[in-house]
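Residue-level listing of the chains:
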Amino acid sequence: MQPINLKGITLLLTAISYLLTTNAAIAQKSSFPSEDYVTQKMDALMANSDLPALVAIAINSSGEKIAYTYGHAIWGTDSPIETNNIFRIASMTKLLTSIAALQLVEQDLIALDEDLSKFVPEMADIPILTREKELINGEIPITLRHLLTHTSGFGYFFTDSLLATHNQADWEYEDLPRRFEAGTQFLYGTSTTWAGKLVERISDMSLEEYFRKHLTGPLEMERTWFNVPDSLKEEIVSYGRRGDDGTEQLVEIPNRIPKNKVKTFNGGGGLFSSPEDYAKLLSCLLNDGEHQNGRILEKQTIDEMFKPQLKDISMDISDNYYLKGMCCDFRGLVKPTANWGLAGLIDTETTSYGREKGTLL
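Let me begin by describing the structure that accompanies this report. (Residues numbered from 1 in each chain as written. Predicted model: local features only at pLDDT ≥ 70, side-chain atom pairs only at ≥ 80, totals over all residues. Heavy atoms only, no water.)

Focus: the overall build of the protein
To keep it simple, the criterion reads: Secondary structure follows DSSP: runs of H or I at least 4 residues long count as helices, runs of E at least 2 residues long count as strands, and numbering of each begins at the N terminus. Between the two quantities, the radius of gyration covers C-alpha atoms and the globule rule is 2.2 Å times the number of residues to the power 0.38. Relative accessibility under 20% of the residue-type maximum defines a buried residue, over 50% an exposed one, and the middle range a partly exposed one, all with a 1.4 Å probe and only protein chains included. We call two residues in contact when some of their heavy atoms are within 4.5 Å. All accessible areas in this document rest on Shrake-Rupley with a 1.4 Å probe, and a residue is counted as covered only by the protein chains that are shown. Charge assignment in this entry is limited to Lys and Arg as positive and Asp and Glu as negative, and neither His nor the chain termini are counted. Note on charges: their place is set at NZ of Lys, CZ of Arg, CG of Asp or CD of Glu.
On a plain count of helices and strands, the protein comes out with 10 helices and 13 strands. The C-alpha atoms of the protein give 20 Å as radius of gyration, which agrees with the globular expectation for 361 residues (21 Å, within 12%). The principal-axis extent of the C-alpha atoms belonging to the protein is close to 60 × 45 × 45 Å. Counting all 361 residues of the protein, 53% fall into the buried class. Restricting the contact set of the protein to residue pairs at least 6 apart, pairs at least 24 apart contribute 71%. Of the accessible surface of the protein, which amounts to about 17200 Å², a share of 48% is contributed by carbon and sulfur atoms. A distance of 2 Å separates the average location of the 34 positive side-chain charges in the protein from that of its 50 negative side-chain charges.

Here's what the structure looks like:
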């Protein structure tokens, strides 16, 4: 999995901000500004940007909504971008996987703090790589809570310096080594990928099938797929890269439309979706899990999603490793006082630029 961010591989958009808050008072504090006001402000910002296109959607629990579009869906063509164009949403896939796992918790098929070794023994067998570059066996069982909060020990090669240089020539495991005992530290990585494998193992479905039956289907997210149907492939937008250091001129990546079907589904990234589709999911969460066709989660589960889960684990990422040109320089985004819920980062302070305390992103 290779997550995409605006400093490396660019999605053409900061699509929908994956930002939610459960504080109803915040949503009711003021009505949305007018569409003309938003367009004026956004046009001024985009006039100083080299992004070829952008889609932004804002919604609240009162049903108010504003959408903004700029540029072209396919670079070098006269194709105005629309809110239902389809993007590679990378790590925004993680929200759907987290919800799917929590659905299984609600069905008593798995518990948040249950040892997962009986479900995914190949995950439990992966050793820990110490700071001294020694491989040791973990002693603390990995749980779903560890996976959903990125405290399992799994990282990415682009979020940990030792994983970046780990020799995989004779490596026999399905993932890179863990970096610490479960529940002792935070490291953004493949934890949600393993949560996706857990969903597949317990449900006896692929993630594509599970999402269609229990999430994207009921929410009528008809443009959200790992394998985009042929009838929708022309709606996929162009995307590009800013070079190895993330600062070069944006260059388009040629495979706008994927040639091969995905057979192994990644719960940590890999979905295609449209801003309109993703807004349906966010709107459902703002509505305490209820939608016109039923419910994806119970209110108490969503409340738990928004509760800080890290107790004595620091979110200070000032010295974290990240691979320039790919991911994940979170400095300026993640405060040391931030925390992690069961589906994303939680702001524990109101920011000067607008994110309210309790926001999940």
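Brief notes about the pairing of strand S3 (residues 65–71)
As a reminder of what qualifies: Strand pairing follows a simple DSSP-based rule, namely that at least 2 bridges must link the two strands.
Direction of pairing for strand S2 (residues 53–59) relative to S3: antiparallel, over a ladder of 7 bridges. Note that in S3 the partner of Ala 56 across the bridge is Tyr 68. Linking S2 back to S3 in an antiparallel pair, the connection comprises 5 residues, with Gly 63 at a positive phi of about 95°.

Some details on the pattern of salt bridges
Test applied: For this document, the term salt bridge refers to a Lys or Arg side-chain nitrogen within 4 Å of an Asp or Glu carboxyl oxygen.
Overall, the coordinates contain 18 salt bridges when judged by the stated rule. Between Lys 197 and Glu 174 there is a salt bridge; the shortest N-O distance is 3.9 Å. With a gap of 23 residues between them, Lys 197 in helix H7 (residues 191–203) and Glu 174 in the loop between helix H6 (161–164) and H7 connect regions that are remote in the sequence. Classification of Glu 174 as exposed rests on a relative accessible area of 54%. The partner of Lys 335 in a salt bridge is Glu 349, with the nearest N and O atoms 3.5 Å apart. Taken together, the positions of Lys 335 in the loop between helix H10 (299–305) and strand S12 (339–340) and Glu 349 in the segment after strand S13 (345–346) put the pair 14 residues apart, joining distant regions of the chain. Exposure remark for Glu 349: the relative accessible area of 33% places this residue in the partly exposed category.

Focus: helix H3 (residues 93–106)
For an α-helix, 3.6 residues make a turn, and residues three or four places apart therefore share a direction. We count it as follows: By this rule the span expected of a helix is its residue count minus one, scaled by 1.5 Å.
Helix length check: H3 (14 residues) gives 20 Å between terminal C-alpha atoms against 20 Å at 1.5 Å per residue, within 8%. Burial analysis of H3 places 12 of its 14 residues in the buried class, which makes it a mostly covered element. Against helix H5 (144–148), H7, helix H8 (207–214), helix H9 (275–286) and H10 lie the buried residues of H3.

Notes on the nonpolar core
The criterion, for reference: Definition used in this section: a nonpolar core is a set of buried Ala, Val, Leu, Ile, Met, Phe, Trp, Tyr and Cys residues joined via side-chain atoms within 4.5 Å.
Grouped together as the largest cluster of nonpolar side chains are 58 residues, with contacts concentrated most on Leu 95, Phe 211, Leu 281, Ile 296 and Met 305. At the level of elements, S2, H3, H5, H7, H8, H9 and H10 are the ones that each hand at least two residues to this core. When residues in this core are grouped by element, the largest group, 7 residues, is from H3. Apart from the residues within four sequence positions on either side, Met 305 is in contact with Leu 95, Leu 102, Leu 297, Gly 341, Leu 342, Ala 343, Ile 346 and Leu 360. Core analysis: the next-biggest nonpolar cluster, separate from the first, contains 16 residues, Met 315, Met 326, Cys 327 and Trp 340 among them.

Focus: the environment of Leu 198
On the secondary structure map, Leu 198 appears in helix H7. C-alpha separation for the pair Leu 198 and Asp 108, spaced 90 residues apart in sequence, amounts to 14 Å. Ignoring any residue separated from it by four or fewer positions in sequence, one finds Leu 198 in contact with Leu 116, Phe 119 and Leu 144.

Considerations on the packing of aromatic side chains
As a reminder, the rule being used: In this analysis, rings of Phe, Tyr and Trp, with Trp reduced to its six-membered ring, are considered paired at centre separations within 6.5 Å, and the interplanar angle assigns stacked below 30 degrees, edge-to-face beyond 60, and tilted for intermediate values. A positively charged side chain is recorded as over a ring if its NZ (Lys) or CZ (Arg) lies within 6 Å of the ring centre. The angle to the ring normal must also be within 35 degrees.
Tallied over the entire structure, the rule returns 10 aromatic pairs. Taking 5.9 Å as the distance between ring centres and 15° as the angle between the ring planes, the aromatic pair formed by Phe 211 and Phe 226 counts as stacked. Linking Phe 211 in helix H8 with Phe 226 in the loop between H8 and strand S7 (240–241), this pair joins segments that are 15 residues apart in sequence. As far as the burial class goes, Phe 211 and Phe 226 line up, both buried. The side chain of Lys 197 reaches across the aromatic face of Trp 194, ending 5.5 Å from its centre.

Comments concerning the environment of Leu 109
Along the chain, Leu 109 turns up in the loop between H3 and helix H4 (121–124). Spatially, the C-alpha atoms of Leu 109 and Ile 202 are 7.4 Å apart, while their sequence positions differ by 93 residues. With sequence-adjacent residues up to four places away left out, Leu 109 is seen in contact with Leu 104, Phe 119 and Ile 202.

Remarks on the packing of H3 against H7
To characterise two packed helices, one gives the angle between the axes of the helices and the distance between these axes. How we decide: Axis definition: a line fitted to C-alpha atoms, limited for helices to the stretch in contact. Angles are taken between N-to-C directions and run from 0 to 180 degrees. Should an angle fall under 35 degrees it is called roughly parallel, over 145 degrees roughly antiparallel, and 65 to 115 degrees roughly perpendicular, with every other angle called oblique. With the far helix as reference, a near helix turned anticlockwise by less than a right angle produces a left-handed crossing, and one turned clockwise produces a right-handed crossing. Under the grouping applied here, Gly and all other residues not named as nonpolar or charged are polar, the nonpolar ones being Ala, Val, Leu, Ile, Met, Phe, Trp, Tyr, Cys and Pro and the charged ones Asp, Glu, Lys and Arg.
Where H3 meets H7, the closest approach of the two axes is 9 Å, and the angle between their N-to-C directions is 40°. The angle between H3 and H7 places the two elements in the oblique class. Considering the relative orientation of H3 and H7, their crossing is left-handed. Of the residues in H7, those touching H3 at Lys 94, Thr 97, Ser 98, Ala 100, Ala 101 and Leu 104 are Thr 192, Ala 195, Gly 196, Val 199 and Ile 202. A class-by-class count of the residues in the contact of H3 with H7 yields 6 nonpolar, 4 polar and 1 charged.

Brief notes about the side chain of Asn 266
For clarity, the threshold we go by: Polar contacts, as used here, are pairs of N or O atoms within 3.5 Å; protein pairs need one atom able to donate a hydrogen and one able to accept it. Residues neighboring in sequence count only if both atoms are side-chain atoms.
Along the chain, the position of Asn 266 falls in the loop between strand S8 (251–252) and strand S9 (272–273). Engagement of the side chain of Asn 266 in a polar contact is seen with the backbone nitrogen of Gly 268, the distance being 2.8 Å.

Some words on the packing of H3 against H9
Where H3 contacts H9, the two axes come as close as 11 Å, and the packing angle between them is 45°. Between H3 and H9, the angle falls in the class oblique. Crossing of H3 over H9 shows left-handed handedness. Residue-level contacts link Leu 95, Leu 96 and Ile 99 of H3 to Tyr 278, Leu 281, Leu 282 and Leu 285 of H9. For the contact of H3 with H9, the per-class residue count stands at 7 nonpolar, no polar and no charged.

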